[in-house]
Amino acid sequence: MKLFSVNINDYLFTIVINIVSREIWWCSVLYIKALLFSALGLISADEWSMTVPQAVKQTFGEDAVLPCSFTTPYTSYQNITVVWRLKDAYNGQIIFKCLSTENPSDNGQNCTESIGRYSLAGNPRSKNISLRIKDVSFSEDGQYFCCFELIKKEDTYRTKTGTRLSVQSIPQTLESIYIRTLPSGEQFITCDVKGTPPPTVTWIVPEITSSSLVSVQRDGVRASSSIPANQSNINYTCQIHGETGLQDLSIYYQKRSEQEQQIPFTLFVVFVVLSGVFFISSIILAVIYKIGSSKSPAPPQEVNFRKSSPVQTNDDIYENF
């Protein structure tokens, strides 16, 4: 019977040498490949990058910008397809898509058109494909993913984490109180408020006002509440319960008849000035008239002519004899 002996240490040493040799060979191949790609201007998957923020916060009703920039080893490229998706990086709803071509007539960018309330806030030729959302509402709250494609489909890069857009509400605020007069002459006390949602206005007056007389107009994040000014010489107060606590504004309302009887100070000053000008002008005109009258020529004197007796001729003398 023949026995075979194996030196375990030699075997392990041989395995280690083989592994090290293969790693050196593989690293050499990768290094040569990188040099070749760099010399020929080719692309490697590790050379793509995209920069996006994790989250963006914007106030309701304002424009939101979702930043997105990229890098690529290509020094020039003809077409860039920009795509923005919602909820998922691969299969999410496409909310914006455009094609930028290398055209000198438009400085290399024709992604300037808007699709609904979506448009580009950056220039793809400057490696900026940021998205602008106009007049954001709470329905725009969500996760957004940017993507760009070059000529080939394999030359595509996208953000996998995306950017979270968080739409913030507007604090409920009481803005102003004023007297509003209709063309018919009817007057109302009006309070303007804003917020998301606009706050409810409570009116405080000495006498109870029926809620049916209160009118409310809403426009997005703003609202106006009005009541008829049917009580005179009192303070009208509007009040809201906002996020910062109780807010109120007051205005004193006076009767229209009393307001009309009182002459504003400015109007009184204008009246006095005009009266003085008229008085001085009258005196100047009177003096000018008097001076002109004294220098006028005397009227012509009346000349009286006597009627002379007729002259007697020789024939008349002879007749008398």
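Before reading further, recall that the structure is shown in the block above.
All values reported here derive from a predicted model rather than from experimental measurement. Each chain has its residues counted from 1, following the order in which its sequence is written. Under the rules for a predicted model, residues below a pLDDT of 70 receive no local features and side-chain atom pairs below 80 are neither given nor counted, while totals for whole chains, interfaces and linings still include all residues. To get the side-chain values, take all heavy atoms of the structure and skip hydrogens and water.

A. Local environment of the overall build of the protein chain. Counting its regular elements, the protein chain contains four helices and 18 strands. Here the protein chain holds 321 residues, and the buried ones make up 29% of them. Two residues qualify as a contact provided that any one of their heavy atoms is within 4.5 Å of a heavy atom in the partner residue. Long-range pairs, those at least 24 residues apart, make up 54% of the contacts in the protein chain with a sequence separation of at least 6. Computed by Shrake-Rupley with a 1.4 Å probe, the accessible areas treat only the displayed protein chains as cover when residues are assessed. Of the accessible surface of the protein chain, which amounts to about 23000 Å², a share of 57% is contributed by carbon and sulfur atoms. Strands are runs of DSSP state E lasting at least two residues, helices are runs of H or I lasting at least four, and both sets are numbered from the N terminus onward. Here's how the labels work: a residue is buried when its accessible area is under 20% of the maximum for its type, exposed when over 50%, partly exposed in between, all with a 1.4 Å probe on protein chains only.

B. Representation of the pattern of salt bridges in the model. The working definition used for a salt bridge is a side-chain nitrogen of Lys or Arg within 4 Å of a carboxyl oxygen of Asp or Glu. Under the counting rule described, the total for this entry stands at four salt bridges. Residue Glu140 pairs with Arg117 through a salt bridge whose shortest N-O separation is 2.4 Å. Here the residue Glu140 occupies a position in the loop between strand S8 (131-133) and strand S9 (142-149), and Arg117 occupies one in the loop between strand S6 (93-101) and strand S7 (118-120), the gap between them amounting to 23 residues. Judged by its relative accessible area of 32%, Arg117 falls in the partly exposed class. With a closest N to O distance of 2.8 Å, Asp141 and Arg164 form a salt bridge.

C. Molecular detail of the state of the cysteines. Our working definition of a disulfide is a cysteine sulfur pair at a distance within 2.5 Å. The final tally for this structure, using the stated rule, is three disulfides. Residue pairing for Cys68: its cysteine sulfur links by disulfide to Cys146, the two sulfurs lying 2.1 Å apart. Note on the Cys68 and Cys146 pair: the S-S dihedral is about 70°, so by sign convention the disulfide is right-handed. Of this pair, Cys68 sits in the loop between strand S3 (64-66) and strand S4 (69-71) while Cys146 sits in strand S9, and the two are 78 residues apart along the sequence. Exposure class is identical for Cys68 and Cys146. Each is buried. Through a disulfide, Cys191 is tied to Cys238; the S-S separation comes to 1.7 Å.

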